[in-house]
Amino acid sequence: MNANPLAGRHALVTGAARGIGAEIARTLAAEGATLTLLGRDLDALQRLAATLAGQGHGAAVADVADEAAVRTAFAQAAKERGPVAILVNNAGAAESAPFLKTSAALWQRMLSVNLTGTFLCTQAALPGMLDAGWGRIVNIASTAGQKGYAYVAAYTAAKHGVIGLTRALALEVARKGVTVNAVCPGYTDTDILRTSVANVVGKTGRSEADALAEFSSVNPQKRIVQPAEVADAVRWLCGEGAGAVTGQSISVSGGEVM
Ligand code: NAP
């Protein structure tokens, strides 16, 4: 067994400062990859980079929905650590509202960060992968890309879009050594879930434990997914052994989607 199967690979993870993105960064670094951590909070990204296994990691600041900022950040990352070989489009946000109270601005925010951000970062990284004849793109979608949920129409539409983008691009680059897949977490223990729980408590007056139990109840395993479980699926997709896997949406949700 190779102890560092991703040695020599430059991996860029968006939204890496916390939550699932931070766990993915730790996991890929432990496999030997050199990381660029991209996000909006430079201090948090640099603090995390300093704790990762291995050496040569760095941070890059960009809002993934800002085309110019993305281009600049990716160009700088490639200059410092070489072309991006592994791209994990993880940055995302989940705002909820009943459909008739979903403003055009909320709709646009959800599409911008979750879908356009994935598009822009992929466009910035793909040429280097095609030149190298090797690449891994993993999009962190959601079970909300595989099924519907009430009160999150904009987020759900954006995540379904991420899965469509994943499938289309997987076919386009199938013969170029680049795989494109989506990982679809169910409710996972991060700030996104903590905010959703707080919203339910605020709106219904129910206890935090009750609200959390409702989120757990949709998972057939009756629990919340851990960020490390999502990161492990990403790790596998980035390895040589997953070279024949492309265009897939892997649900990490205790069987909520099958
Ligand atoms: P989180 O803890 O809230 O982290 C979200 C990350 O995305 C943060 O690092 C945040 O950076 C970054 N981000 C947000 N908007 C950004 C933007 N415009 N540009 C750059 N970075 C941005 O949430 P998480 O649960 O880890 O979410 C990670 C991914 O998993 C998201 O795509 C989410 O949709 C998906 N997901 C989560 C769950 C869940 O239950 N937690 C379930 C399914 C899918 P800042 O620090 O700058 O805010």
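All values derive from a computational prediction rather than experimental measurement.

K.L.:
Please give an account of the nonpolar core that cites residues and values.
P.N.:
A general feature of soluble globular proteins is that nonpolar side chains tend to end up buried together. Among the nonpolar cores identified, the biggest contains 34 residues, and Ile24, Leu28, Leu35, Leu37, Ile86 and Val183 are the most heavily contacted of them. Only β1 (10-14), α1 (19-30), β2 (34-39), α2 (42-51), β4 (86-89), β5 (135-140) and α8 (227-238) provide two or more residues apiece to this core. Apart from residues lying up to four places away in sequence, Leu37 is in contact with Val13, Ala16, Ala25, Leu45, Leu48, Ala49, Leu52, Gly58, Ala59 and Ala60. By size, the runner-up hydrophobic cluster in this structure holds 32 residues, among which are Ala62, Ala125, Val152 and Val180.

K.L.:
Hey, could you go over the pairing of strand β6 (residues 178-185) for me, with residue numbers and the actual values?
P.N.:
Most of β6 sits out of view: eight of its eight residues are buried. Here β6 shows no split at all, with Val178, Val180, Ala182 and Cys184 on one side and Thr179, Asn181, Val183 and Pro185 on the other all buried. By the bridge criterion, four bridges tie β6 to strand β7 (residues 249-252) in an arrangement that is parallel. Within β7, the residue paired with Pro185 across the bridge is Val252.

K.L.:
Would you mind going over the state of the cysteines in detail, with residue names and values included?
P.N.:
A full pass over the atoms with the stated rule returns zero disulfides. Of the cysteine sulfurs around Cys184, a residue in no disulfide, the closest is that of Cys238, at 15 Å. Residue class for Cys184 comes out buried when judged on its relative accessible area of 0%. Of the residues examined, Cys238 reaches a relative accessible area of 0% and is grouped as buried.

K.L.:
Mind laying out the site of the ligand, listing which residues take part and the relevant values?
P.N.:
The environment of the ligand is made up of 25 residues, and the closest members are Arg40, Asn90, Tyr155, Thr188 and Thr190. Here a nitrogen atom of the ligand and a backbone polar atom of Val64 are 3.0 Å apart. One of the backbone N or O atoms of Asn90 is found 2.8 Å from an oxygen atom in the ligand. In isolation the ligand exposes 890 Å². Once the protein is present, 94% of that is buried. Those elements giving two or more residues to the shell around the ligand turn out to be α1, α5 (153-172) and α6 (191-204). Per-class residue counts for the shell around the ligand are 12 nonpolar, eight polar and five charged.

Scoring rules and cut-offs
- Residues numbered from 1 in each chain as written.
- Predicted model: local features only at pLDDT ≥ 70, side-chain atom pairs only at ≥ 80, totals over all residues.
- Heavy atoms only, no water.
- Core = buried A, V, L, I, M, F, W, Y, C linked by side-chain atoms within 4.5 Å.
- Buried < 20%, exposed > 50% of the residue type's maximum accessible area, 1.4 Å probe, protein only.
- Helix = DSSP H or I, 4+ residues; strand = E, 2+ residues; numbered from the N terminus.
- Contact = heavy atoms within 4.5 Å.
- Pairing = 2+ DSSP bridges.
- Disulfide = S-S within 2.5 Å.
- Near = heavy atom within 4 Å.
- Polar contact = N/O pair within 3.5 Å; in protein donor to acceptor, adjacent residues only side chain to side chain.
- Areas by Shrake-Rupley, 256 points an atom, 1.4 Å probe, with all protein chains shown as cover.
- Nonpolar A, V, L, I, M, F, W, Y, C, P; charged D, E, K, R; others polar.

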